[in-house]
Every structure is written in C-alpha cells, then in structure tokens.
Amino acid sequence: MFEIAPSILSADFARLADDIQAVENGGATILHVDVMDGHFVPNITIGLPVVRSLRKATKMTLDCHLMISEPGVYAEQFVKAGADMVSVHVEADAHLHRTLSAIRAAGAKAGIAINPGTPLVALEEALPFADFVLIMSVNPGFGGQAFIETSTDKVRRLRRMIDDRRLSTRIEIDGGIDASNIHEVVEAGAEILVAGSAIYGKPSPTEAVRELIDKATVWV
Ligand code: DX5
Ligand code: ZN
C-alpha cells in the first residue's frame, strides 16, 4: 500500500502547524522532513529543535531525510527528537551498517538514501539492515526540480533486488513527484511518495494530496 509523504521543505515555515494539518486532512500519513547541513548538499534547512516541535504538533509519521555529512553522529539524536523514520545517504556514510543498526536500536525505521548518480550496487550489502530505501529522483538540495526520468527504472531494478532476496524493504521516492508521474513510480514498486512543490505549491495542499492519491491508485 502506498503512502503520500508531503515534504515540508516547500511549506510556509511560519505557519507550519496549519500546513501540516492541511495535508493530513487530504489523507497524507507521513511527514517528510528534509535536513540539510550546507556541506553534503549546498543548502541549509532545519534540524533537531524543529523535529522536537513537530513531534509535539502531530501524530503523523515523522520521516527525517538526513542530507548531512557524517550522519552516524546525528542519526540517533533524530530518533530521540521524535523521528519514526530516519534515512542516511549511502554517499555520506562510511559505516552504513553501524548507523542503520543504531537507528533501529533507538526505535525507528532505518533507511538508506541514494543519489541519482549512485548505482544500486552501492547499497546492496547494507540492504538487509534497512527498513526502506529512499531513491532520489533529483539531486538533493532543493525542492521544485524536474524528475529525472531514469529514476523509474531504478525503482524497478531495486524492487527486483528486494524481491529476489525475499526482503520486506519498502521503497521511497523523492524529487519531482507530481500528478503526471506518480502512477508510473507506484507501478514500478515505490510505496512512499514524497512530494513538496506538487503539494505546497498548489492553492489547496489538501486537494493536492487527494489528487496525488487518486492518480497513484493502481486499479487491478
Ligand atoms: C530535495 C528534497 C526533497 C524535496 C522534494 O533535496 O530531498 O524532499 O523537498 O521537493 P519536490 O517534490 O518539490 O521535488
Ligand atoms: Zn527529501
């Protein structure tokens, strides 16, 4: 079953509580929180204090996407701050197995995030230790970029890799997802669908979530 994960990166940070309620009203179940350090990616966003406040403001699943260098130093702190899911980039972590294990031990779902230019083989060994894989379908750093078309096939190949190994790893896709491409990525095997500008760039984020759910639904 798929879930819509609105990215608050495109929300109004001064009206965050209202913007969160709006997407929950539309049927979104996961809140995607983009953490950037100005080092791993050329942008700086939000960190632990905001996650702590979000935790008090909503019961939605909090999904922290760490686009930071040395994520192993901070990952557990995000779980303690209230994250239910934490993903770290394979490109940023020399000790991926250790970090994933620490996230799980702290009580959250552990995810591996992978950039568009990084081949899937880079995460193969760590796959059994992850609850989900986040496939980046844009280069991380900014909202509102165009979906990289080859990402759908990457989802399909990852789905096969997971199924061949009889794992239950979920696939999340992040970047440039909108009503025009959400169906194809769900068909390819993605289950957690992040969308920022396609939701918060619309006059009604509530309606935008409903439209994405409608378009993503695969009728059998
Ligand atoms: C990009 C972030 C994404 C971003 C998605 O680095 O990881 O989560 O907010 O925004 P859209 O949906 O606008 O591409
Ligand atoms: Zn993200």
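Below: a short report on this structure. For every chain, the first residue of the written sequence is number 1, and numbering continues from 1 along that sequence. Lettering for chains starts from A, numbering for ligands starts from 1, and both go in the order in which the items are written. Reporting in this predicted model follows two pLDDT cut-offs: at least 70 for local features of residues, and 80 or more for side-chain atom pairs to be given and counted; totals over whole chains, interfaces and linings ignore these cut-offs and use all residues. To get the side-chain values, all heavy atoms of the structure are used, and hydrogens and water are removed first.

## Concerning the overall build of the protein
Here is the rule we go by: A run of H or I in DSSP counts as a helix once it spans at least four residues, and a run of E counts as a strand once it spans at least two, with each numbered from the N terminus. Taken over C-alpha atoms, the radius of gyration is set against a globule rule of 2.2 Å times the number of residues to the power 0.38. Here, two residues are considered to be in contact whenever any of their heavy atoms come within 4.5 Å of each other. Note on areas: Shrake-Rupley, 1.4 Å probe, and residue coverage restricted to the protein chains presented here. Within this scheme the basic residues Lys and Arg register as positive and the acidic residues Asp and Glu register as negative, but His and the chain ends are omitted. One atom stands in for each charge, and that atom is NZ of Lys, CZ of Arg, CG of Asp or CD of Glu.
Per the secondary structure count, the protein includes eight helices and eight strands. The C-alpha radius of gyration of the protein comes to 16 Å, within 12% of the 17 Å expected for a compact globule of 220 residues. Overall, the protein is about 45 × 40 × 30 Å in size when its C-alpha atoms are taken along their principal axes. Long-range pairs, those at least 24 residues apart, make up 64% of the contacts in the protein with a sequence separation of at least 6. Only carbon and sulfur atoms are counted for the fraction: they give 52% of the accessible area of the protein, which is about 9900 Å². Across the protein, the mean location of the 20 positive side-chain charges is 4 Å away from that of the 29 negative side-chain charges.

## Here's the deal with the packing of helix H1 (residues 16-26) against helix H8 (residues 205-216)
The following threshold applies: With axes taken as lines fitted to C-alpha atoms, and helix axes fitted only over the stretch in contact, angles between N-to-C directions fall between 0 and 180 degrees. The sense of a crossing depends on the near helix, which, turned anticlockwise from the far helix by less than a right angle, makes the crossing left-handed and, turned clockwise, makes it right-handed. Note on residue classes: Ala, Val, Leu, Ile, Met, Phe, Trp, Tyr, Cys and Pro are nonpolar, Asp, Glu, Lys and Arg are charged, and everything else, Gly too, is polar.
At their nearest, the axes of H1 and H8 sit 7 Å apart, and the two run at 35° to each other. Judged by the twist between their axes, the crossing of H1 over H8 is right-handed. For the pair H1 and H8, contact is made by Ala22, Val23, Asn25 and Gly26 and by Pro205, Thr206, Val209, Arg210 and Ile213, respectively. Of the residues contributing to the contact of H1 with H8, the split by class is five nonpolar, three polar and one charged.

## Quick word on the site of ligand 1
Put simply, the rule is: Nearness is defined per residue: one heavy atom within 4 Å of the molecule or strand is enough. Each polar contact in these results corresponds to two N or O atoms within 3.5 Å; when the atoms are within protein, one needs to be able to donate a hydrogen and the other to accept it, and residues that are neighboring in sequence are counted only if both atoms are side-chain atoms.
The full set close to ligand 1 counts 20 residues, and Asp34, Gly141, Asp174, Gly196 and Ser197 are the nearest of them. A distance of 3.3 Å separates an oxygen atom of ligand 1 from a polar side-chain atom of His32. The separation between an oxygen atom of ligand 1 and a polar side-chain atom of Asp174 is 2.7 Å. The fraction of the free accessible surface of ligand 1 (380 Å²) that becomes covered by protein chains is 100%. For the shell around ligand 1, the secondary structure elements donating two or more residues are strand E2 (30-36), strand E3 (61-67) and strand E8 (192-195). Ranked by residues supplied to the shell around ligand 1, first place goes to E2 with three residues.

## Focus on the pattern of salt bridges
Worth spelling out the cut-off: Salt bridge, as used here, is a side-chain nitrogen of Lys or Arg placed within 4 Å of a carboxyl oxygen of Asp or Glu. Type-normalised accessible area, obtained with a 1.4 Å probe on protein chains alone, sets the label of each residue: buried when under 20%, exposed when over 50%, and partly exposed for intermediate values.
Applying the stated criterion across every chain yields a total of 12 salt bridges. One salt bridge in this structure joins Arg15 and Asp18, with 3.7 Å as the shortest N-O distance. On the basis of relative accessible area, Asp18 is assigned to the partly exposed category, the value being 45%. Among the salt bridges present, the one from Lys215 reaches Glu211, with a minimum N-O distance of 3.3 Å. Of this pair, Lys215 and Glu211 both sit in helix H8, four residues apart, roughly one helical turn. When its relative accessible area of 35% is taken as the criterion, Lys215 is described as partly exposed. For Glu211, a relative accessible area of 34% corresponds to the partly exposed category. Counted as one network, the salt bridges with shared partners bring together Glu3, Arg159, Asp163, Arg170 and Glu191.

## Describing the environment of Arg98
One can find Arg98 in helix H4 (residues 96-106). Each C-alpha atom, one on Arg98 and one on Phe129, is 9.3 Å from the other, the two residues being 31 residues apart in sequence.

## Some points on the coordination of the zinc ion (ligand 2)
We count it as follows: Note on donors: an N, O or S atom is included if it sits within 2.8 Å of the metal, or within 3.2 Å for Na, K and Ca, and water is never included, so sites can look incomplete. Between 85 and 135 degrees for all angles marks four donors as tetrahedral; over 155 degrees for opposite donors together with 65 to 115 for all other angles marks four donors as square planar and six as octahedral; every other arrangement is irregular.
Protein coordination of the zinc ion (ligand 2) is provided by His32 (NE2), Asp34 (OD), His65 (ND1) and Asp174 (OD), with donor distances spanning 2.0 to 2.3 Å. Between the six donor atoms coordinating the zinc ion (ligand 2), the angles at the centre fall across 70 to 171°, so the site counts as octahedral. All donors to the zinc ion (ligand 2) come from one chain, and their sequence spacing reads H-x1-D-x30-H-x108-D. Within this pair, whereas His65 is found in strand E3, its partner Asp174 is found in strand E7 (residues 170-174), the two being separated by 109 residues in sequence. Each member of the pair, His65 as well as Asp174, carries the same accessibility label: buried.

## Observations regarding the side chain of Ser151
Checked against the element boundaries, Ser151 lands in helix H5 (residues 151-164). Here Ser151 falls in the buried class, since its relative accessible area comes to 4%. Here the side chain of Ser151 touches Ile148 through a polar contact of 2.6 Å, landing on its backbone oxygen.

## Some details on the environment of Cys64
Within the fold, Cys64 resides in strand E3. Exposure remark for Cys64: the relative accessible area of 0% places this residue in the buried category. Sequence spacing of Cys64 and Asp34 is 30 residues, and the spatial spacing of their C-alpha atoms is 6.2 Å. If near-sequence neighbours (up to four positions away) are discounted, Cys64 is found in contact with Val33, Val51, Phe78, Ala83, Met85, Val86 and Ser87.

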